[in-house]
Amino acid sequence: MTSACRRTDVGPRVGALQSSGLTLLLSLAAHCSGPQAKVLSPGGLDASGANLWASANCSLLQGFWCQPASQLPRDQLSALIQRLALLQVPLQAWQLSCLANLASQCGLQDDFTLHPPNLLLFYNLSQMREADCRAFICRAAQGDVELLSHLPDQRVALRRAAGACLGVARPRLSASDLQLLGALVCDMDSSSIGAADPRVLENLRRCPRLTAAQCIALNSLLAGGKTSLGPPGSWTLEGLQALGPLATYISPHLWAQVQEAVGLGFFHSMVASCRVGKLGQREASCFVTSFLESKTKPVSSRPRLSTGEPCVRGNITAATLQDGLFLVHYDCAELESCLDGRILRTNLDTLLQHPLPTECQHVVKAKLAQIYPQGLPEDQLRLITSLVYLYSHTEIGQWSITSQDTVMALLAPDVALENQTEAVLQKFLEHNGTVSGALLLAIGGTRLCWMSPQQIQTIHPQELRLAGALDLSSCPQSRKDVLYAKAREAFGSSRTPAAYYRLMCPYLGGAPVEELRHLAQANISMDIDTFTSLNPLELQSLDVGNVTALLGHNVGDLQKARSHPTVRAWLRSLNSSTLGQLGLDASPAGPTGPAHGTRGPPSTTHQALHLVHTSGLPTNDAQASTSGSLWAPLGYLPLAMALPCSLLCLLHWGTCILVSVDSVASGWLGSQGSGAGKTGLLDSAGRPLGLRGQL
């Protein structure tokens, strides 16, 4: 492929192509971002204008479309990337992977200081110059490394490159080392955290979660008194608030050493943050439980008051529940004896705005059962989101759910357990009979994974179209199979292979091998996220030629994702000579460090950072990533564009030429043969095979 960035003097022909590419970029952006995306009209924009991307707004940029963007000349591509950085536009992993390849192809990778940190995560690290090592890693480490969840080896490569930049091994990470590592510290184990400069707290604040061992290291670091907070006895309210989410990990032992006024002031501020939604209920509950354990004996170790035991502290009133220190004044046993049912019924929302410890939640649930023995009324269900996980399927069966808003409240993230999804939806279906596309979009693909096959069958095909792209990667294979069949009903009439793939890609995890072979012939260049969601058993039937054709321009991503279970299982089915055809060796190799050019053999001395994998990376690969030479080349295939779910232009004659999608469809469909009937694909007239008489 020859990019337009290589040829900027081809005259009117390129201008027309840029205009066509921009039209596609704008008009199809919604298919990437879902139906809620806002896409600007292309009519008022001049694709050939040099300042096009320098003035593009966030809505347009968030709908970035890979293939048409590949037609942009170098200066416009550079303007696009810099605009993304300036506006901090959030892009998905497949968009970033594609853009990283375009930047490399046009020689823009060396301008990384002007590029979004998230984009740097996807660059080929073997092309990084040694002189730029520290600056590159420092900026890349400011990105969201969770974007590499489907590219585990790229994440390992990034950590190893960071280790290479640090140079020789040292017993303690300095402040400058920590500035370089950024969020990569989140993968360090407890011993490395404990030995680091106390300013490691700034790095840990960026971690989405800490392991149990990392929590112990954090508390040990805080107890030592060498952080900016000083010893626990001298902690201030401002210092604790500066800890951010790390404060939820502080142990009861340390809270017991904090001055009472400071501790209570911080407790009050945490409850206030929870009430306005700035702090999640579960994180807040964890903090409250730890804090309260430091003040008194744990609730579970005290004798429980029996039902009817008189309230000693004083009855709980509406005013009592408004107090931010309510949970400090009343423990769970006192909540049981001092909270009247009438007060609970009229102030349930106020009470549940407090991050109740688990035992207190059980007390409230039991009291509600006494008030509503036939089951909670629907208006109360929307208030008990923090308690939903406590209810059994039998108890949920007593509820009356008639409103879509109630379903969305109960099935919001971190509310109902995954295995409660079916029970909640069943009560809704008893009254409404179907699930709308708007509801599917609101509750997300994960909930769709936990619907029963019978419930999935009630979804009208048109509702799947309205729902847009749903993330079904976490679905068990049995659900993927059912959802694939349902999606075929919705999207089987797509006129072109590109349109069919764009709509079906979230559901291809249930696709049979016959369909995968047909898609391989259609030049759709499947992105690695979709590839890793495919049925591993079906993949075993695909040879190297099939997979190479299926991935197309994205085949190089196999190297960066080779430790992903789906990719690894397929690679294990190949022999070493076949792996060589893909540019892969027989065993996973450590990713590369920066390129040394011609200045002699690289050093093999490096800092052996002790890493833990909090993102599901295999242990064996983790061990491999900290051994051997950091500079050893991996033999990466050239990184290629990670395309979206639609391929509407092909590359010909040394530049990107848009071709008729109908002609693409004809060539693809004509090559399917008799096997196409098994997959419900299309005939040369654009009709789903087997349905000609119905259309």
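All of these numbers come straight from a predicted model, not from anything done at the bench.

(A) Region of interest: the environment of asparagine 347. One can find asparagine 347 in the loop between α21 (341-346) and α22 (348-352). For asparagine 347, a relative accessible area of 13% gives the class buried. For the pair asparagine 347 and leucine 321, spaced 26 residues apart in sequence, the C-alpha separation works out to 8.0 Å. Not counting residues within four places of it along the chain, the set of residues in contact with asparagine 347 comprises Ala318 and Leu321.

(B) Representation of the state of the cysteines within the structure. The tally for this structure, following the rule as stated, stands at five disulfides. Paired by a disulfide, cysteine 332 and cysteine 360 hold their sulfur atoms 1.9 Å apart. Around the S-S axis, the bridge from cysteine 332 to cysteine 360 shows a dihedral of about -95 degrees and counts as left-handed. One end of the pair, cysteine 332, is in helix α20 (residues 332-338); the other, cysteine 360, is in helix α23 (residues 358-371), with 28 residues separating them in the sequence. For cysteine 360, a relative accessible area of 2% translates into the label buried. Between cysteine 449 and cysteine 475 runs a disulfide, and the two sulfur atoms are separated by 1.7 Å. Its S-S torsion of approximately -80 degrees makes the covalent link between cysteine 449 and cysteine 475 left-handed. With cysteine 449 in helix α29 (residues 445-449) and cysteine 475 in the loop between α31 (461-467) and α32 (477-491), the pair connects residues that are 26 residues apart, well separated along the chain. Look at cysteine 475 and you get buried, because its relative accessible area is 7%. No disulfide involves cysteine 215; its nearest neighbouring cysteine sulfur is the one of cysteine 286, lying 7.8 Å away. A relative accessible area of 16% places cysteine 215 in the buried class. Relative accessible area serves as the criterion here: at 43%, cysteine 286 is assigned to the partly exposed category.

(C) Representation of unusual backbone geometry. The backbone phi angle of asparagine 523 is positive, close to 60 degrees, even though this residue is not glycine. Among the structural elements, asparagine 523 can be located in the loop between α34 (513-521) and α35 (528-532). In this structure, serine 525 takes a positive phi of about 50 degrees despite not being glycine. Its place among the elements puts serine 525 in the loop between α34 and α35.

(D) Molecular detail of the confidence of the model for the protein. Averaged over all residues, the pLDDT of the protein is 76; the fraction at 70 or higher stands at 73%. Between residues 1-50, whose pLDDT stays under 50, and residues either more than four places distant or in other chains, the model counts 96 contacts. Low pLDDT, under 50, characterises residues 589-695; the predicted model gives this stretch 283 contacts beyond four residues in sequence or across chains.

(E) Broad picture of the layout of surface pockets. Taken as a whole, the second largest pocket encloses approximately 550 Å³ of empty space. Where the lining of the second largest pocket is concerned, the elements lending two or more residues are α16 (260-275), α17 (281-295), α22 and α23. It is α17 that contributes the most residues to the lining of the second largest pocket, six residues altogether. In terms of residue class, the lining of the second largest pocket is made up of 10 nonpolar, 10 polar and five charged.

(F) Quick peek at the nonpolar core. Counting residues in each nonpolar core, the largest one holds 180 residues, and the members touching the most others are Leu99, Val364, Leu368, Ile384, Leu508, Phe531 and Trp570. The element contributing the most residues to this core is helix α6 (residues 93-105), with seven residues.

(G) Representation of the packing of aromatic side chains. Scanning the model with the defined rule gives 12 aromatic pairs in all. Residues phenylalanine 266 and phenylalanine 287 carry aromatic rings whose centres are separated by 5.6 Å and whose planes lie at 90 degrees to one another, so their mutual orientation is edge-to-face. Of this pair, phenylalanine 266 sits in helix α16 while phenylalanine 287 sits in helix α17; the two residues are 21 residues apart in sequence, bridging distant segments of the chain. The residues phenylalanine 266 and phenylalanine 287 share a single accessibility class, namely buried. By the ring-pair criterion, three or more aromatic residues cluster together here, those being Trp255, Phe266, Phe267, Phe287 and Phe291. Cation over ring: lysine 365 sits above tyrosine 391, and NZ or CZ is 4.9 Å from the ring centre.

(H) Region of interest: α17. Taking 1.5 Å of rise per residue, 15 residues should cover 21 Å, and α17 covers 21 Å from first to last C-alpha, within 8% of that figure. For α17, the full list of buried residues reads Ala284, Ser285, Phe287, Val288, Ser290, Phe291, Leu292 and Ser294. The secondary structure elements touched by the buried residues of α17 are α15 (252-255), α16 and α19 (326-329).

(I) Region of interest: the pattern of salt bridges. One pass over the structure, following the stated rule, counts 11 salt bridges. We note a salt bridge from glutamate 489 to lysine 486, for which the minimum N-O separation is 3.5 Å. With glutamate 489 and lysine 486 both in helix α32 and three residues apart, the pair spans about one turn of that helix. Residue classification places lysine 486 among the buried residues on the basis of a relative accessible area of 3%. Through salt bridges with shared partners, a single ionic network connects Glu146, Arg155, Arg159 and Asp187.

Reading the values: the criteria
- Just so you know, the residues in each chain are numbered from 1, in the order the chain's sequence is written.
- Per-residue local features of the predicted model are confined to residues with pLDDT of at least 70, and side-chain atom pairs are confined, for both listing and counting, to 80 or more; whole-chain, interface and lining totals are unaffected and use all residues.
- As a rule here, side-chain values cover all heavy atoms of the structure and leave hydrogens and water aside.
- We count a stretch as a helix when DSSP gives it H or I for four or more residues in a row; a strand needs E for two or more, and each element gets its number in order from the N terminus.
- With a 1.4 Å probe rolled over the protein chains alone, any residue whose accessible area is under 20% of its type maximum counts as buried; one over 50% counts as exposed, and the rest are partly exposed.
- For this analysis, residues touch if any pair of their heavy atoms sits within 4.5 Å.
- We call a pair of cysteine sulfur atoms a disulfide whenever their separation is within 2.5 Å.
- Per residue, pLDDT measures the predictor's confidence, with a range of 0 to 100.
- Any residue with an atom within 4 Å of a point lines the site, the site being either a cavity, points on a 1 Å grid over the protein atoms alone where a 1.4 Å probe fits but cannot get out, or a pocket, an open set with protein on both sides within 12 Å along at least 5 of 7 lines.
- Grid points are joined across faces, edges and corners, and a volume is the space filled by probe spheres set on the points.
- In this classification, Asp, Glu, Lys and Arg are treated as charged, Ala, Val, Leu, Ile, Met, Phe, Trp, Tyr, Cys and Pro as nonpolar, and every other residue, Gly included, as polar.
- The criterion is simple. A nonpolar core is a set of buried Ala, Val, Leu, Ile, Met, Phe, Trp, Tyr and Cys residues joined through side-chain atoms within 4.5 Å.
- Aromatic pairing here means that ring centres of Phe, Tyr or Trp (its six-membered ring) are within 6.5 Å. Orientation follows from the plane angle: under 30 degrees is stacked, over 60 is edge-to-face, and everything else is tilted.
- Any Lys NZ or Arg CZ that is within 6 Å of a ring centre and within 35 degrees of that ring's normal is treated as a charge sitting over the ring.
- Under the convention used throughout, the expected extent of a helix is 1.5 Å for every residue step, that is, one less than its residue count.
- The working definition used for a salt bridge is a side-chain nitrogen of Lys or Arg within 4 Å of a carboxyl oxygen of Asp or Glu.

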